[in-house]
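# Overview (structure and organization)
Residues per chain, in single letters:
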Amino acid sequence: MCFGSKLKGDDPSSRLNNDYNDHLNSRPVESKPSKTSNTMPQGNSYNAPPGPPPSHQYQSPPPSHSNGYSAPDGPPPSHSYDAPPQEPYHDWQTAVPDTSLLPPPPSMGNQRSSTNNATEQQAELGEIWCTQNPMTGPATFPEAALEAIAKGEIGVIRPRDYQGNLERPRPGVWAGKTKANNPDNCIITTIPLYSVLAHSPLRTARTKTIYYEVRINRNNRREVSLAMGFGAQPYPTFRLPGWHRGNLAVHGDDGSKYINDRWGGKDFTQPFKAGETLGLGMTFTARNLDAPPSYDAAPAQTMSTNPIDVEVFFTRDGRKESSWNLHEEGDAEEDLPVTGLEGFNDLYAMVGTFENVEFEIVFNHGEWMYHP
């Protein structure tokens, strides 16, 4: 802001008394012209001084910056790189098995058979009988009985309600022919095919397989009203095998498997046919509960902690057709326990019949079509 009406450089009094050079705002010159002029003389040429303009002159750094200074190694501190910490390596492929190799999920049970069904009253009578007659523990058998088991010279017990013929044409073979009025019944062997005290893999350290075959006569009617199974004693002989505790079976009329199942069983194989030879077996193997799971070898892996692994297999005309692990995953609400079949009870062969069927039960190893 100016406090006067004129600028200091325009005041004529500043040029009086030869004190022109004494004023701070006057421009210094080498000669004093006789007359003041605000324009550069036209006759004089102007030469620029040597060197760059003052604003572009190079100024050397302070002495402290020129005494042999060298930059330290590496990037500036603001650009330093710290590698992220390395997490420990986790071999998840070994810890987590390939679930694609796991057994398929269990099949759901049927409420009723697609062919034949017993009455609810008969099922209740069978349950009452089993409650009144609990399963027995392992028994000690004489050496002669164990030799008969090894040779396949095994006898059978004719059920009280059995209607028809049942005889032994030769050692280890039983032939039967029932009538049309033959009710549900169960033929049971006199001695077990699996003896806990003689055959358990926990005692012998060896795998044990039990097996037998049934031949259906070629002249049999189209529907084969026969079931073949295994079970612990005692068992109600007025019921088919597989319907109650400690018992399993494959039924020929619908091809379903029954494991302590008095309803419709589970889909398993094709129905039996006239002229076929069917076989049923069980293999008992001691399990190493401390071993990691393995998915590339039989038997199939399960979550069971039972020390004996049990595989049930089925054959048709000399070829192994299908199998299942006794401890395969089941439905918690529908499936009943497999107690009695796990290798801690003596197991007997059981053949069920109803209505008319013609058959042979073969325990003689030499006559088997399939040899486990």
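A short tour of the structure in this document, coming up. (Residues numbered from 1 in each chain as written. Predicted model: local features only at pLDDT ≥ 70, side-chain atom pairs only at ≥ 80, totals over all residues. Heavy atoms only, no water.)

### Here's the deal with the overall build of the protein chain
A tally of regular secondary structure across the protein chain gives five helices and 14 strands. For the protein chain, the residues scored as buried account for 36% of the 372 residues in total. Carbon and sulfur atoms make up 51% of the accessible area of the protein chain, which amounts to about 23,700 Å² in all. (Helix = DSSP H or I, 4+ residues; strand = E, 2+ residues; numbered from the N terminus. Buried < 20%, exposed > 50% of the residue type's maximum accessible area, 1.4 Å probe, protein only. Areas by Shrake-Rupley, 256 points an atom, 1.4 Å probe, with all protein chains shown as cover.)

### What about the side chain of Glu 276?
Within the element layout of this structure, Glu 276 appears in the loop between strand S9 (266-267) and strand S10 (277-286). Taking the relative accessible area as the measure of exposure, Glu 276 reaches 10% and is therefore buried. One polar contact links Glu 276 to Arg 316, side chain to side chain, over a distance of 2.8 Å. Leave out the neighbours within four places in its chain, and Glu 276 touches Val 214, Arg 215, Ile 216, Pro 271, Arg 316 and Asp 317. (Polar contact = N/O pair within 3.5 Å; in protein donor to acceptor, adjacent residues only side chain to side chain. Contact = heavy atoms within 4.5 Å.)

### Let's talk about the sheet that holds strand S8 (residues 256-259)
As summarised here, the arrangement of the seven strands in space is S1-S4-S13-S6-S7-S8-S9, forming an open sheet in which the pairing is antiparallel. Two strands in the sheet have a free side with no partner beyond their single neighbour: strand S1 (156-157) and S9. Here strand S7 (residues 247-251) pairs with S8 via three bridges, running antiparallel. In the sheet register, Leu 248 faces S8, and the bridge partner there is Ile 259. (Pairing = 2+ DSSP bridges.)

### Things to note about the side chain of Thr 315
For Thr 315, the position within the fold is in strand S11 (residues 308-316). Among the polar contacts made by the side chain of Thr 315, one reaches the side chain of Tyr 211 at a distance of 2.7 Å. Ignoring sequence-local partners within four residues, the contact set of Thr 315 consists of Tyr 211, Thr 277, Leu 278, Gly 279, Lys 320, Glu 321 and Tyr 370.

### Observations concerning the nonpolar core
In this structure, Tyr 212, Leu 226, Phe 230, Leu 248, Met 282, Phe 359 and Phe 363 are the most contacted members of the largest nonpolar core, which totals 56 residues. Leaving out residues up to four positions away in the same chain, Phe 363 has contacts with Gly 152, Ile 154, Val 156, Gly 172, Trp 174, Thr 189, Leu 193, Tyr 212, Ala 349 and Trp 368. Listed in part, the six residues of the second largest apolar core include Val 173, Tyr 211, Phe 313 and Trp 368. (Core = buried A, V, L, I, M, F, W, Y, C linked by side-chain atoms within 4.5 Å.)

### What to know about the pattern of salt bridges
Taken as a whole, this structure holds twelve salt bridges when the rule is applied. In this structure, Asp 309 engages Arg 287 in a salt bridge whose closest nitrogen and oxygen atoms are separated by 3.8 Å. Of this pair, Asp 309 sits in strand S11 while Arg 287 sits in the loop between S10 and S11; the two residues are 22 residues apart in sequence, bridging distant segments of the chain. Overall, Asp 309 belongs to the buried group, its relative accessible area being 4%. (Salt bridge = Lys/Arg side-chain N within 4 Å of Asp/Glu carboxyl O.)

### Observations regarding the sheet that holds S11
With respect to topology, seven strands assemble into an open sheet ordered S2-S3-S14-S5-S10-S11-S12, the strand pairing being antiparallel. Of all the strands in the sheet, just strand S2 (164-170) and strand S12 (319-325) have a single pairing partner and so form its edges. Averaged over all pairs of adjacent strands, the angle between their axes in this sheet comes to 20°, without regard to strand direction. By the bridge criterion, six bridges tie S11 to S12 in an arrangement that is antiparallel. For Thr 315, the partnering residue across the bridge sits in S12 and is Lys 320. (Axes fitted to C-alpha atoms, helices over the stretch in contact; angles between N-to-C directions.)

### Describing helix H3 (residues 143-151)
Here H3 has its buried residues at Ala 145, Ala 148 and Ile 149. Taken end-on, H3 shows its buried residues confined to a sector of 100°, consistent with a single buried face. In this structure, H3 carries Glu 143, Ala 144, Ala 150 and Lys 151 as exposed residues pointing more than 90 degrees from its buried face. If you follow the buried residues of H3, they end up packed against helix H4 (196-199). At the exit of H3 stands Gly 152, carrying a positive phi of roughly 80°. (Arc of directions from axis to C-beta.)

### Digging into the pairing of S2
Bridge count between S2 and strand S3 (residues 173-178): five bridges; the pairing is antiparallel. Within S3, the residue paired with Gly 164 across the bridge is Thr 178. Linking S2 back to S3 in an antiparallel pair, the connection comprises two residues, with Gly 172 at a positive phi of about 80°.

### Some words on the pairing of strand S14 (residues 358-362)
Burial runs high along S14: four of the five residues are buried. Bridge count for S3 against S14 is five bridges, and the pairing is antiparallel. Paired with Gly 176 across the bridge in S14 is Phe 359. In this sheet, S14 lies alongside strand S5 (residues 208-216) in antiparallel orientation, the contact comprising four bridges.

### Some points on the environment of Ile 216
Following the sequence through the fold, Ile 216 ends up in strand S5. Relative accessible area serves as the criterion here: at 4%, Ile 216 is assigned to the buried category. Sequence separation between Ile 216 and Glu 360 is 144 residues; the distance between their C-alpha atoms is 6.7 Å. Residues in contact with Ile 216, not counting those within four places in the same chain, are Val 224, Leu 226, Lys 273, Ala 274, Gly 275, Glu 276, Leu 278, Glu 358 and Phe 359.

### Focus: the packing of aromatic side chains
Geometry of an aromatic ring pair is reported as the spacing of the ring centres plus the angle between the planes. One pass over the structure, following the stated rule, counts ten aromatic pairs. Ring geometry for Tyr 211 versus Phe 313: centroids 5.8 Å apart, planes at 10°, classification stacked. On the criterion of sequence distance, the pair formed by Tyr 211 in strand S5 and Phe 313 in strand S11 is long-range, its members being 102 residues apart. On the accessibility criterion, Phe 313 (3% relative accessible area) is buried. On the basis of an interplanar angle of 45° and a centroid distance of 5.7 Å, the ring pair of Tyr 212 and Phe 363 is categorised as tilted. Here Phe 363 lies in the segment after S14 and Tyr 212 lies in strand S5, a separation of 151 residues in the sequence. The exposure class assigned to Tyr 212 is buried, which follows from its relative accessible area of 0%. Joined through ring pairs, the aromatic side chains of Tyr 211, Phe 313, Trp 368 and Tyr 370 make up one cluster. (Phe/Tyr/Trp six-rings, centres within 6.5 Å; stacked < 30°, edge-to-face > 60°.)

Everything listed here is a matter of geometry and, on its own, says nothing about what the molecule does.
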